[in-house]
Amino acid sequence: MSEIRLSAEPRNEFGKGAARRARRAGLVPAVVYGHGHAPVHLNLPGHDLMLALKTPNALISLPIDGKQEFVLPKAVQREAIKRTIEHVDLILVKRGEKVTVEVPVHTEGELAPGGNLLEHVLAALPIEAEATHLPEAVTVSIEGLEAGASIHAKDITLPSGATLAVDEDAVVLQVIGAQAEAAAEESEEAAEAEAEA
């Protein structure tokens, strides 16, 4: 994953009024933590930040104290209705450092015929990887899987240098038979009807 360079300006005013003024100017208040440094308060360009955060685990390069530093998004606060970014917490990382992140699980292929359903038990897979080489996602083939089949964390091919940060036997995806689900609902309804009678 390539780094995303953003401009940043030091933030010297604090409180709700200062944050509102920054947002009106198209900026997003941010705090950078990590590596034993005191937290660094910045304002980041709102539109550029929004575009950067569309990439999961975006590696962002920021000018901090006169030098370019790498950061990863840790927490993003969004406005409830408009979903605009209100504030972002970033964690400082160094080249070569291992970090634990969650990467989205994408699927390819078609399930076996028969109206089966695919359940994402884990929508994102926790992995440990080098901070400057984080994968955007992992892809899993579900081609021809039948009801009852499941894919465990250990079955997923990880990019070079990445390791699992979750139990290798954790179920990531499972295939549910649509007919079995409908039959279970019918038997529940029948049991409820008998109980009421």
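Here, every reference points to the structure presented above.
Residues numbered from 1 in each chain as written. Predicted model: local features only at pLDDT ≥ 70, side-chain atom pairs only at ≥ 80, totals over all residues. Heavy atoms only, no water.

Let us now look at the environment of E146. Relative to the assigned elements, E146 resides in the loop between strand 11 (138–141) and strand 12 (150–152). Expressed as a C-alpha distance, the spacing of E146 and I176, which sit 30 residues apart in the sequence, is 8.2 Å. Setting aside its immediate chain neighbours within four residues, E146 contacts A112, N116 and V175. (Helix = DSSP H or I, 4+ residues; strand = E, 2+ residues; numbered from the N terminus. Contact = heavy atoms within 4.5 Å.)

Right, let's get into the pairing of strand 5 (residues 60–64). Of all the 5 residues making up strand 5, 4 are buried; the element is thus mostly covered by neighbouring parts of the structure. Pairing of strand 1 (residues 4–5) with strand 5 involves 2 bridges; the strand directions are parallel. Along strand 5, the bridge assignment pairs R5 with S61. Pairing analysis gives 5 bridges linking strand 5 to strand 6 (residues 67–78), with the strands arranged antiparallel. Counted as the bridge partner of P63 is Q68 from strand 6. Where strand 5 folds back on strand 6, the antiparallel hairpin that results is connected by 2 residues, among which D65 adopts a positive phi of roughly 50°. (Buried < 20%, exposed > 50% of the residue type's maximum accessible area, 1.4 Å probe, protein only. Pairing = 2+ DSSP bridges.)

Let's shift gears to the layout of surface pockets. Roughly 300 Å³ of internal volume is contained in the largest pocket. Contributions of two or more residues to the lining of the largest pocket are made by strand 6 and strand 8 (98–108). At 5 residues, strand 6 tops the list of elements feeding residues into the lining of the largest pocket. Reported here for the second largest pocket is a volume of approximately 180 Å³. For the second largest pocket, the full set of lining residues is R23, G26, L27, V28, G46, H47, M50, R78, R83, T84 and I85. For the lining of the second largest pocket, the elements supplying multiple residues, two or more each, are strand 3 (27–33) and helix 2 (46–52). The leading source of residues in the lining of the second largest pocket is helix 2, at 3 residues. When the residues that make up the lining of the second largest pocket are grouped by side-chain class, the tally is 4 nonpolar, 4 polar and 3 charged. (1 Å grid on protein atoms, 1.4 Å probe; cavity = no way out; pocket = protein on both sides within 12 Å on 5 of 7 lines; lining within 4 Å. Points joined across faces, edges and corners; volume = space filled by probe spheres on them. Nonpolar A, V, L, I, M, F, W, Y, C, P; charged D, E, K, R; others polar.)

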